[in-house]
Amino acid sequence: MGIEFNASDRTTLGVEWELQLVDVETRHLRQEAEQVLAELPDLSEAPSAPPLRHELMQCTVEVVTGVCETVQEAREDLAGSVRRLQGALEPRGAAAICSGTHPLDDWRDQAMSPVQRYGELVDQMQWLARRILTFGVHVHVGVRSAEKAVPIVNALAGHLPHFLALTASSPFWNGHDTGLASSRSIVFGALPTSGPPPVLPDWAAFEDYMATLLRAGTIAGIKEVWWDVRPHPDLGTVEIRMFDGIPTLREVGMAAALTQSLVTHFDNLLDRGYRLPCRPSWVVNDNKWRATRYGLDARIITDERGSTVPLRDDLYELVRELEPVAARLGCADDLDVVSEVLDKGASYERQRAVVRDGGTLDDVVDTLIAEFREGIGGPAAGTDRVGGGTAAAPPTPTNRGTTHAGT
C-alpha cells in the first residue's frame, strides 16, 4: 500500500485548540456549538479549512489555525478566531475555557455533534466514544520527506511525558479528584487505536502497517489512527496529540514552540547523518503513565537499564538544549514559558491549589474562565503570565487556502 506524503518544504505550524462552552452562572457545559457556529458562518462554513469547527460533542468548539510560519503567527491566528467566538458567546451568558476535562460535568449529560463521522465513531466505539468528554491541543509541524517522518515520530515519542506533564490539566473527572495529573490521557487512551505510536523502522513499514489495519477492518482510513504522535501524510506533518487541554494562549504558544523546536532539531540531526533516539516501547509507555499520574513531579526512565531522573530536571535540560534552535525560529520567549510553568505550576497544580485554598469546583471553573480571558485580551503583546495576563490584538487570520489541522 503506497501512502503519499505531501512533504512540507520547512517546519511550518498548525494548531488545533479544543474549547469548552460553559455557562458563566452555573459553570456547567452548554450544548450550543451548533447554534454558536451558525452565528459565525464566515468562520465555520468556509469551503476550505474553516477556523471554527464542530467536535464530538455539542459543548465543544475547535479553533484551528491556517499554515503558520512562526509561533507568534499561530498565536495571533488563534486569538483572532477566539475573539470572534467570544463575541458570539457573551450575549448568551456563556464563555470559552480549556482544560483536559471539565471539573464538574458528566459525559452522560452531553449532546453529540450532528457531524456524520462522529455519529459513525460513536456507533462503532459505543461507550468508549460516548464518554470522551475530553479536550486537547494538537500541534502539527511540517516535515520535508516521508523518510524523515517515521524517525522523527519515534524520537518525539520519547518526549511524551514532557508534553503531557507541562500541559496536564485534568485532575478532576465527574466532580471528583482522580489523583491523576491527567485523567484525559486515560479516558482518550482507551480507544483501540490511540496511545503511543509503535516503533517502526521506516516509511515502508508504516505503509505496510496501515495496509494491515485496513485489511483487518481495524480502521476504515488512516485518520482513525489516533496515536499520541503520528505522521499526517495528507498535510505533510507530524502531529503531537499528547497535550492536555491548555487553558491559556501563552501556554499554547509554549507547546507549539517546544514541538517546532524539537522537530527542527531532529530534522537537522538527520541532515547531518545522525541516527535519532528511539526509546523502547516499554519505556515510552511507562513514562507516559508516570506523567499521567504525577505530572511534573514524575521521575522518568532514561535508559533500558531502568535509570531515572526527575522530569523537572530533564525539562530544564531540554529547554537549554533547544534554546539555539528556538532563537533561530523566533520562538525563544515562547519556549521559555516552560521554565515559567516549572516555577509557577502547570494547570493541574493551579486547579488543585484553588480547592486546597478552600475553593470549590465552581471556583476552579471561574479560575479557568479568568485565565482564558486574560490570555486572549489586552493591549500589549508578550506581557501575559502563566495563569493570566494580556496578549496583543491579532490581525484577521489569513492563509486559509490550506491548513495543517486535521482530526
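Coordinates for the structure precede this section.
By convention here, each chain's residues receive numbers from 1 onward along its written sequence. Reporting of local features is limited, given that this is a predicted model, to residues whose pLDDT is at least 70; pairs of side-chain atoms are given and counted only at 80 or more, and all residues count toward the totals for whole chains, interfaces and linings. Neither water nor hydrogens contribute to the side-chain values; these are computed over all heavy atoms in the structure.

Student: In this structure, what is going on with the pattern of salt bridges? I would like to understand it.
Tutor: It is possible for side chains bearing opposite charge to pair when their charged atoms get close. In the sections that follow, a salt bridge refers to a side-chain nitrogen of Lys or Arg positioned within 4 Å of a carboxyl oxygen of Asp or Glu. The full count for this structure, using the stated rule, is 28 salt bridges. Ionic pairing is found between R92 and E32, a salt bridge with its closest N-O pair at 2.9 Å. Highlighted residues: R92 in the loop between α3 (71-89) and β4 (94-97) and E32 in the loop between β1 (13-23) and α1 (33-38), separated in sequence by 60 residues. Residue R92 is classed as partly exposed on the basis of its relative accessible area of 27%. Two residues, D286 and R290, come together in a salt bridge whose shortest N-O distance is 2.9 Å. Taken together, the positions of D286 and R290, both in helix α11 (residues 281-294) and four residues apart, correspond to about one turn of that helix. Judged by its relative accessible area of 25%, D286 falls in the partly exposed class. Each helix corresponds to a stretch of at least 4 residues labelled H or I by DSSP, and each strand to a stretch of at least 2 residues labelled E; elements are numbered beginning at the N terminus. Each residue's exposure class comes from its accessible area (1.4 Å probe, protein chains only) as a fraction of the maximum for that residue type: buried when under 20%, exposed when over 50%, partly exposed otherwise.

Student: Got a minute to help me understand the nonpolar core in this structure?
Tutor: Here is a general trend for soluble globular proteins: nonpolar side chains tend to be buried in one another's company. Within this scheme, the nonpolar core is defined by two criteria: the residues are buried Ala, Val, Leu, Ile, Met, Phe, Trp, Tyr or Cys, and they are joined through side-chain atoms within 4.5 Å. One finds W17, L19, L156, F163 and L296 to be the most contacted residues of the largest nonpolar core, which totals 96 residues. Broken down by element, the residue count for this core peaks at 11 residues, all from helix α10 (residues 249-271). Residues A95, W107, Y118 and V364 belong to the second largest nonpolar core, which totals 28 residues.

Student: Just checking my understanding: could you explain the packing of aromatic side chains for this structure?
Tutor: Pairing of aromatic side chains here covers Phe, Tyr and the six-membered ring of Trp, requires ring centres within 6.5 Å, and sorts the geometry by plane angle: under 30 degrees stacked, over 60 edge-to-face, intermediate tilted. Considering all chains together, one arrives at six aromatic pairs under this definition. Measuring from centroid to centroid gives 5.2 Å for W17 and F372, while their planes differ by 45°, and the two rings are tilted. In this pair, W17 is assigned in strand β1 and F372 in helix α16 (residues 361-376), connecting sequence segments 355 residues apart. When sorted by exposure, W17 lands in the same class as F372, which is buried. Feature note: the residues F5, W203, F206, Y209 and W227 constitute an aromatic cluster, connected by ring pairs. Comment: the charge-over-ring label is applied if NZ (Lys) or CZ (Arg) is within 6 Å of the ring centre and within 35 degrees of the ring normal. Of note, R131 hangs over the ring of W127, and the distance from its end group to the ring centre comes to 4.4 Å.

Student: Before we go on, may I ask you to explain the environment of E323 in this structure?
Tutor: With respect to the helices and strands, the residue E323 is situated in helix α12 (residues 311-329). With 10 residues separating them in the primary sequence, E323 and D333 have C-alpha atoms 9.5 Å apart.

Student: Please clarify how α12 should be interpreted in this entry.
Tutor: One turn of an α-helix holds 3.6 residues; hence residues three or four places apart share an orientation. Residue count minus one, scaled by 1.5 Å, sets the expected span of a helix. Between its first and last C-alpha, α12 extends 25 Å over 19 residues, near the 27 Å set by a 1.5 Å rise per residue. For α12, every residue scored as buried is listed here: L311, L315, L318, V319, L322, V325, A326 and L329. Throughout, a contact is declared for two residues whenever any of their heavy atoms are within 4.5 Å. On its buried side, α12 packs onto α7 (160-167), α10, β12 (299-301), β13 (308-310), α13 (332-335) and α14 (337-344). One or two positions beyond α12, positive phi appears at G330, with a value near 80°.

Student: I tried to follow unusual backbone geometry on my own but got confused; where do I start?
Tutor: Trans is the common state for peptide bonds, and a negative phi is the common state for residues other than glycine. One non-glycine residue, Q126, lies in the positive phi region at around 55°. Following the sequence through the fold, Q126 ends up in the loop between α4 (116-125) and α5 (127-130). The phi dihedral of N174 is positive, around 55°, even though this residue is not glycine. Looking at where N174 falls in the secondary structure, it is placed in the loop between β6 (172-173) and β7 (176-177).

Student: When you look at the pairing of strand β10 (residues 229-232) in this model, what are you seeing that I'm missing?
Tutor: A regular strand places its side chains on the two faces of the sheet in alternate fashion. Here β10 shows no split at all, with V229 and P231 on one side and R230 and H232 on the other all buried. Bridge analysis of β10 against strand β11 (residues 237-244) gives four bridges, and the strand direction is antiparallel. Across the sheet, the residue bridging to R230 is E239, located in β11. Between β10 and the antiparallel strand that follows it, β11, lie four residues; G236 among them carries a positive phi value of about 70°. Two strands are said to pair when DSSP picks up at least two bridges between them.

Student: How should I be thinking about α14 in this particular structure?
Tutor: Of all the eight residues making up α14, six are buried; the element is thus mostly covered by neighbouring parts of the structure. Listed in full, the buried residues belonging to α14 are V337, V338, S339, E340, V341 and L342. Structurally, α14 contributes buried residues whose contacts are with α7, α10, α12 and α13. G345 sits one or two residues past α14 and shows a positive phi near 110°.

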